[in-house]
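A closer look at the structure
Residues per chain are reported as follows:
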Amino acid sequence: LVNEMSSLVREAGANLEDSRMAVLGGEFAIILLISGGTDAIGRVKQIGAQLETDSKMRCILKETTRVSAPMDYLPYRIRVSGADRPGIVQSIASILASRGVNVASLESRVTYAPESGTPLFVLEAKLHVPSKIVLSELRSQLAATCEEENLDFTLEAGA
C-alpha cells in the first residue's frame, strides 16, 4: 500500500511532503500531506475517488492551508510508560493542555512484558512547550500524576 499510494501521488505530479502510516487494529491507516499545482491536486482527488471504488479503501481528501511554525516555543519529547489501563492519555493530555503545551505528534501503543505477558502502555509525543512556561512546574505536575498512577516518564529537550 505504501508503494501504491506514493506511486499514485508521484504519477499525479504531486509531492508527498509529510506522512504517517501505521497498522491500527488490523487496518492500515495512512495520512498524507500532499502539495502541488491545481492540476496535480485535481488528479490526486480523482485517484482518491477511484481508490475508494476499486480497493474498498476509505479516502478522505481535505484541502488545508500552510501553517507557519510556532515561534515562541521549545521542542520537547515526552515518554510515559506503565501498566495499561484506561485514562492514561487523558491524564497526560490534561496536564499539557492546562499549561498551553501543543502536542505536535503523539503515538501510543500496548506492548506485552516478555515473561509475564502483562500489558504495558507506552506513550511518546513531540511537544511544543511555550517558552514562558516554568519547566520545573510542568515536570513537577507530570511527576506527581505519574507517581500517583504508577507510571514512568521522561521529558527531554529536543525535536
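This section reports on the structure supplied with the text. These numbers were taken from a predicted model, which means no experiment stands behind them. What you see as residue numbers is a count from 1 along each chain, following the sequence as written. Selection of residues for local features in this predicted model requires a pLDDT of at least 70, selection of side-chain atom pairs for listing and counting requires 80 or more, and totals for whole chains, interfaces and linings are taken over all residues. Side-chain numbers come from the whole structure's heavy atoms, not from hydrogens or water.

1. Section: the nonpolar core
Buried together is how nonpolar side chains tend to be arranged in soluble globular proteins. Using the following cut-off: Within this scheme, the nonpolar core is defined by two criteria: the residues are buried Ala, Val, Leu, Ile, Met, Phe, Trp, Tyr or Cys, and they are joined through side-chain atoms within 4.5 Å. Burial classification: accessible surface area is computed with a 1.4 Å probe over protein chains only, and a residue below 20% of its type maximum counts as buried, one above 50% as exposed, and the rest as partly exposed. Under the scheme used here, helices are H or I runs from DSSP no shorter than 4 residues and strands are E runs no shorter than 2 residues, and both carry numbers assigned from the N terminus. Contacts are residue-level and defined by heavy atoms, with any inter-residue pair within 4.5 Å sufficient.
Ile78, Val80, Leu127 and Leu138 are the most contacted members of the largest nonpolar core, which has 19 residues in total. Mapped onto this core, the elements with two or more residues apiece are strand E3 (73-83), helix H3 (88-98), strand E5 (119-130) and helix H4 (135-148). By residue number, the principal contributor to this core is E5, which donates five residues. In contact with Leu138, other than residues within four places in its own chain, are Ile95, Leu96, Arg99, Val101, Val129, Ile133 and Leu155. Membership of the second largest hydrophobic core comes to five residues, among which are Val9, Ala14, Ala40 and Val44.

2. Brief notes about the pattern of salt bridges
Put simply, the rule is: The term salt bridge refers to a side-chain nitrogen of Lys or Arg lying within 4 Å of a carboxyl oxygen of Asp or Glu.
Here the structure, examined in full by the defined rule, presents eight salt bridges. The salt bridge involving Glu107 is made with Arg109; its shortest N-O contact spans 3.2 Å. When the shortest N-O distance is used, the salt bridge between Glu124 and Arg109 registers 3.3 Å. Residue Glu124 is found in strand E5, and its partner Arg109 is found in strand E4 (residues 102-112); the two are separated by 15 residues along the sequence. Judged by relative accessible area, Glu124 falls into the partly exposed class, the value being 30%. Taking the relative accessible area as the measure of exposure, Arg109 reaches 30% and is therefore partly exposed.

3. Quick word on the packing of H3 against H4
Rules: Lines fitted to the C-alpha atoms define the axes, with helices restricted to the stretch that makes contact. Angles between their N-to-C directions range from 0 to 180 degrees. Should an angle fall under 35 degrees it is taken as roughly parallel, and over 145 as roughly antiparallel, whereas 65 to 115 is taken as roughly perpendicular and any remaining angle as oblique. Crossings are assigned a handedness: left-handed for a near helix turned anticlockwise from the far helix by less than a right angle, right-handed for a clockwise turn.
Between H3 and H4, the shortest axis-to-axis distance is 11 Å and the interhelical angle comes to 160°. In terms of orientation, H3 lies roughly antiparallel with respect to H4. Seen from above, H3 lies across H4 with right-handed handedness. Where H3 abuts H4, its residues Ser91, Ile92, Ile95, Leu96 and Ser98 lie against Leu138, Gln141, Leu142, Thr145 and Cys146.

4. Here we look at the sheet that holds E3
We count it as follows: Any two strands with at least two DSSP bridges between them are considered paired.
On the basis of which strands lie adjacent, the open sheet formed by four strands has the order E4-E5-E3-E6 and antiparallel pairing. Only two strands of the sheet have a single neighbouring strand rather than two, namely E4 and strand E6 (152-157). Direction aside, neighbouring strands of the sheet carry axes that sit 15° apart on average. This element, H4, spans E3, E5 and E6 of the sheet and lies at about 160° to E6.

5. Observations regarding the side chain of Ser81
You can see Ser81 is positioned in strand E3. For Ser81, a relative accessible area of 17% translates into the label buried.

6. Here we look at helix H2 (residues 38-55)
Put simply, the test is: Multiplying 1.5 Å by the helix residue count minus one yields the expected span of that helix. This arc is built from the directions going out from the helix axis to the C-beta atoms.
Helix length check: H2, at 18 residues, gives a terminal C-alpha distance of 25 Å against a target of 26 Å (1.5 Å per residue), a fit within 8%. All of the buried residues in H2 are Ala40, Val44, Gly48 and Leu51. In a view along the axis of H2, the buried residues occupy a sector of 90°, so they form one face of it. Turned more than 90 degrees away from the buried face of H2 sit Thr38, Asp39, Gln46 and Thr53, all of them exposed.

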